[in-house]
Amino acid sequence: MAPATASGDDSDVLEGGSEHPLFGPSVRVGLGVTAAALVGMLIGYAVGNHRSTTDTTRSTMPSASVSPPDGSAAIIGPAFAQTGATCSIQQGHRLQLGIQIVNQAPSVLHITKVVTVDPLRGLRPIAAQVGACGQDRGTQIAFDPSAVPAGGATWVNVTVQVLVRCPAPDPVQFVIHYGQGERTGVADLAGFVDLSNVPYSGCAR
């Protein structure tokens, strides 16, 4: 039997190896699907991680405070009410008129201004202050101490110049301005419906 020698048959074998791929079509399809799935997983992870970071950033961002359109401080609703107690002192042609008020708010309020309204114009306001009648602090508006605790009561009074012979028919309304920090509020109180019960020399009660 003749020994095997290198011949054209060997080259045919090598060429045959190059014509027949190492993996068959089904294997190549499987690898392609696996690669596509892996790429999809990587993209999904990247997107999910980005969204998670964005959501976390949004949740930790402080919310912006909303202010009124005109830029003014928020308004506190009417928190002062009258208790019904009143006082008065006559000093010549002047009257000091006071009302007791109570703080109905759940926190401390500071009185910043007291204004009176006299629709009949028989009186001219001279001074206003926090305190009962008889606590004369001059003609300057003074509000010290002006802090009224929650549920607490205080007095506010005004001194008016009487411009008529008898002020009996004149009503005296009180407008209380108050605040809490930058927040402000106004309480319109009836005050004295009229001065018929207020003693004034030369006038019948």
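Note that residues are indexed from 1 along each chain, following the sequence as it is written. Thresholds applied to this predicted model are a pLDDT of at least 70 for local features of residues and 80 or more for the giving and counting of side-chain atom pairs; totals over whole chains, interfaces and linings are not thresholded and use all residues. Neither water nor hydrogens contribute to the side-chain values; these are computed over all heavy atoms in the structure.

1. Topic: the confidence of the model for the chain
Consideration 1: Here the chain averages 73 in pLDDT, while 59% of its residues score no lower than 70.
Consideration 2: A score between 0 and 100, pLDDT records how confident the predictor is in each residue. Whether two residues are in contact is decided by their heavy atoms: any pair within 4.5 Å suffices. Throughout residues 1-23 the model reports pLDDT below 50, and contacts reaching past four residues in sequence, or to other chains, amount to three contacts.
Consideration 3: Taken together, the stretch residues 50-72 has pLDDT below 50 and engages in two contacts with residues farther than four places along the chain or on a different chain.

2. A closer look at the sheet that holds strand β1 (residues 80-91)
Consideration 1: If you walk across this open sheet you meet the four strands as β1-β2-β6-β4, and the pairing is antiparallel. If you trace the sheet from one side to the other, it starts and ends with β1 and β4 (123-130), each paired once. The sheet shows a mean angle of 20 degrees between the axes of neighbouring strands, taken without regard to direction.
Consideration 2: Of the strand pairs in this sheet, β1 and strand β2 (residues 94-103) are connected by nine bridges, and their pairing is antiparallel. Within β2, the residue paired with F80 across the bridge is N103. Strands pair, by our definition, only if DSSP identifies at least two bridges between them. By the criteria applied, helices consist of DSSP H or I runs no shorter than four residues and strands consist of E runs no shorter than two, each listed in order from the N terminus. Simply put, an axis is a line fit to the C-alpha atoms, just over the touching stretch for a helix, and the angle between two N-to-C directions goes from 0 to 180 degrees.

3. Digging into the sheet that holds strand β3 (residues 109-117)
Consideration 1: The antiparallel open sheet is built from four strands, whose spatial order is β5-β3-β7-β8. The sheet is open, and its two borders are formed by β5 (147-148) and β8 (183-192), each paired with just one other strand.
Consideration 2: In terms of strand pairing, strand β7 (residues 172-180) meets β8 through eight bridges, oriented antiparallel. Looking at the pairing, F174 lines up with L189 of β8.

4. Let's talk about the packing of aromatic side chains
In this description, a pair of aromatic rings is defined by centroid distance and the angle of the planes.
Consideration 1: Only the six-membered ring of Trp is used, alongside the rings of Phe and Tyr, when aromatic pairs are assigned; centres must lie within 6.5 Å, and planes under 30 degrees apart are stacked while those over 60 apart are edge-to-face, with the rest tilted. Tallied over the full model, the rule gives two aromatic pairs.
Consideration 2: Ring geometry for F80 against Y178: centres 5.1 Å apart, planes inclined by 85 degrees, an arrangement best described as edge-to-face. Pair noted here: F80 is in strand β1 and Y178 is in strand β7, with a separation of 98 residues, a long-range link.
Consideration 3: Remark: exposure states derive from per-residue accessible area (1.4 Å probe, protein chains only) relative to the maximum for the residue type, with buried under 20%, exposed over 50%, and partly exposed in between. Classification of Y178 by relative accessible area gives buried; the value is 1%.
Consideration 4: With a centroid separation of 6.5 Å and an interplanar angle of 40 degrees, the aromatic rings of F174 and F192 are classed as tilted.

5. Observations regarding the nonpolar core
Consideration 1: If you look at the biggest cluster of nonpolar residues, it comprises 30 residues, and the most contacted ones within it are F80, L97, I111, V156, F174 and I176.
Consideration 2: For this core, the secondary-structure elements that each account for two or more residues are β2, β3, β4, β6 (153-162), β7 and β8. What is meant by a nonpolar core is a set of buried Ala, Val, Leu, Ile, Met, Phe, Trp, Tyr and Cys residues, joined one to another through side-chain atoms within 4.5 Å.

6. Remarks on the side chain of T116
Consideration 1: On the secondary structure map, T116 appears in strand β3.
Consideration 2: Those residues within four positions of T116 in sequence are excluded, and the remaining contacts are P125, V158, V172, Q173 and F174.

7. Some words on the environment of S107
Consideration 1: Its location among the elements puts S107 in the loop between β2 and β3.
Consideration 2: Each C-alpha atom, one on S107 and one on Q180, is 8.5 Å from the other, the two residues being 73 residues apart in sequence.

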